[in-house]
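Chain by chain, the residues:
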Amino acid sequence: MSFQSTLVWCAVLTALGALQVVPATAEEVATKDASTVDCRYEGIGAVRSHNTDSAEIESFPADDVFRPLMADPKQPQFFASWQATRVRNNNTSLNIASVGVGGTFGLVGRRNVCDGWQVGVLAGVFAQFNLDAASADLINADYVVGFPLSWRRGLVSTRVRLYHQSSHLGDEFLLGNPGFRRVNLSFEAMEAIVSLDAPGGWGRVYGGGSTLVHREPSTLDRNGVQWGIEFRWPTIAAPTEAMQVPRLRVIPVIGADFKAFEELHWIVNSNIVGGLELWKAGIDRRLRLLVNYYHGFVPYGQFFAQKIEAIGIGLYLTF
């Protein structure tokens with residue numbers, strides 16, 4: 001698959017994702033509860049009703065009770081970024097386009113304001129393209145699918161998920177590197193993350209771990225740990241009133257995610273991001289413009305044993 005065709009698919013899937021949250025009729029707009037909040041961001045620490053019976057089991061909940069990990073390179077989401085990358089193993093450099101398509105879809109849940117639980121399905125594709133090649137060759141693509149269970153009570157939330165990942169090299173890369181030893185990398189992993197939010201949701205710390213319940217090659221070590229921190233500054237009004245775009249808000253954000261794996265001798269992989277998040281009151285969709293610095297082993301697929309350093313910038317979409 002070429003870089004251009006992948007961008008087309010990203011645009012199509014992004015448009016389809018946007019249709020999920022655009023009201024179809026005036027009646028739907030009129031019946032929407034004005035007190036509805038996005039529990040990933042706005043309802044953290046909200047006061048719960050004393051009537052616990054008011055929380056009913058709901059199908060296809062709109063968002064989640066666990067906030068997605070902003071700085072995790074493998075968080076399923078829609079994004080496109082440019083990465084100036086230095087391969088530390090041989091001190092070579094290249095420009096990479098890193099593209100992601102995916103997200104989490106809630107299947108069933110139960111909430112009292114933003115306290116409760118949710119079961120969903122996640123899917124994601126993470127692809128990297130060599131921008132220095134004449135046709136922006138596909139280097140690697142990771143395919144992820146799984147089932148997350150999330151839970152929140154007050155400022156404490158957790159996400160447990162079982163997921164599958166398989167990794168594949170691009171045809172153009174294999175043609176240009178006939179001596180490359182391909183690894184049939186595929187595994188199923190169980191992961192658990194616990195998060196503690198600051199009151200009002202202006203910050204969080206999180207940590208957890210994962211273990212491979214099945215892997216190929218079978219010689220891979222099983223265990224890994226992950227932790228991180230995020231900060232969200234107060235919301236400010238975007239300077240868009242003159243363009244007739246009211247209620248658009250901007251939030252400065254910064255985050256850091258750290259991972260270490262037994263297979264890679266517990267060496268820490270770091271990803272630090274910062275930038276601006278744009279959103280509109282009453283709408284679940286958010287757009288982030290983020291710069292990042294990554295130092296560690298390649299977080300994607302076939303090249304997991306290579307050490308890199310990268311600086312980049314990208315657009316990230318949340319539905």
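Residues numbered from 1 in each chain as written. Predicted model: local features only at pLDDT ≥ 70, side-chain atom pairs only at ≥ 80, totals over all residues. Heavy atoms only, no water.

A. How the structure looks around unusual backbone geometry. In the segment running from E216 into P217, the intervening peptide bond is cis, with an omega of 5°. With respect to the secondary-structure elements, P217 resides in the loop between strand 8 (203–216) and strand 9 (223–232). Backbone geometry at F60 places phi at a positive 50°, although glycine is not the residue there. By the element assignment, F60 lies in the loop between strand 1 (57–59) and strand 2 (78–87). Note on F60: relative accessible area 55%, which makes it exposed. Phi is positive for W266, which is not a glycine, with a value near 60°. (Helix = DSSP H or I, 4+ residues; strand = E, 2+ residues; numbered from the N terminus. Buried < 20%, exposed > 50% of the residue type's maximum accessible area, 1.4 Å probe, protein only.)

B. A look at the state of the cysteines. A full pass over the atoms with the stated rule returns 1 disulfide. There is a disulfide in this structure between C39 and C114, and the S-S distance comes to 2.0 Å. Across the S-S bond of C39 and C114 the torsion is about -80°, and the bridge reads as left-handed. Of this pair, C39 sits in the loop between helix 2 (26–31) and strand 1 while C114 sits in the loop between strand 3 (92–112) and strand 4 (115–130), and the two are 75 residues apart along the sequence. Of the residues examined, C114 reaches a relative accessible area of 1% and is grouped as buried. (Disulfide = S-S within 2.5 Å.)

C. Representation of the packing of aromatic side chains in the model. According to the stated counting rule, one finds 9 aromatic pairs in the structure shown. Considering the side-chain rings of F79 and Y316, the 5.4 Å spacing of their centres and the 20° angle between planes classify their relative orientation as stacked. Placement of the pair is F79 in strand 2 and Y316 in strand 14 (residues 307–318), with a sequence separation of 237 residues. Of the two residues examined, F79 and Y316, each falls in the buried class. Here the aromatic cluster, defined as three or more aromatic residues joined through ring pairs, consists of F79, F126, Y300 and Y316. Positioned above the aromatic ring of Y163 is the side chain of R161, whose terminal nitrogen or guanidinium carbon lies 4.9 Å from the ring centre. (Phe/Tyr/Trp six-rings, centres within 6.5 Å; stacked < 30°, edge-to-face > 60°. Lys NZ or Arg CZ within 6 Å of the ring centre and 35° of its normal.)

D. Local environment of the pattern of salt bridges. All chains considered together, the criterion is met by 14 salt bridges. One salt bridge connects R40 with D38, and the closest N-O pair in it is separated by 2.7 Å. In this structure, D142 and K74 form a salt bridge, with 3.4 Å as the shortest nitrogen-oxygen distance. A residue pair is termed long-range when its members are at least 10 positions apart, and D142 in strand 5 (residues 137–153) and K74 in the loop between strand 1 and strand 2 qualify at 68 residues. Among the residues examined, K74 registers a relative accessible area of 13% and is labelled buried. Bridged by salt links that share partners, the residues R67, R152, D197, R204 and E230 form one connected network. (Salt bridge = Lys/Arg side-chain N within 4 Å of Asp/Glu carboxyl O.)

E. Spatial organisation of a nonpolar patch on the surface. On the surface, a nonpolar cluster with roughly 710 Å² of combined accessible area is contributed by F60, F105, L107, V119, L149, V160, L162, M190 and V213. Those elements that place two or more of their residues in the nonpolar patch are strand 3 and strand 6 (156–169). Looking at where L107 falls in the secondary structure, it is placed in strand 3. What makes L107 partly exposed here is its relative accessible area of 33%. (Patch = residues over 30% accessible without salt bridge, like charges linked within 9 Å, V, L, I, M, F, W, Y side chains within 5 Å. Areas by Shrake-Rupley, 256 points an atom, 1.4 Å probe, with all protein chains shown as cover.)

F. Spatial organisation of the nonpolar core. In terms of nonpolar packing, the biggest core is built from 30 residues, with I139, L290 and F303 touching the most fellow members. Per-element accounting of this core gives the leading share, 3 residues, to strand 14. Beyond its immediate sequence surroundings of up to four residues, F303 is in contact with I139, N140, L169, F173, F180 and V298. Counting residues in each nonpolar core, the second largest holds 6 residues, with A97, A127, F129 and L138 among its members. (Core = buried A, V, L, I, M, F, W, Y, C linked by side-chain atoms within 4.5 Å. Contact = heavy atoms within 4.5 Å.)

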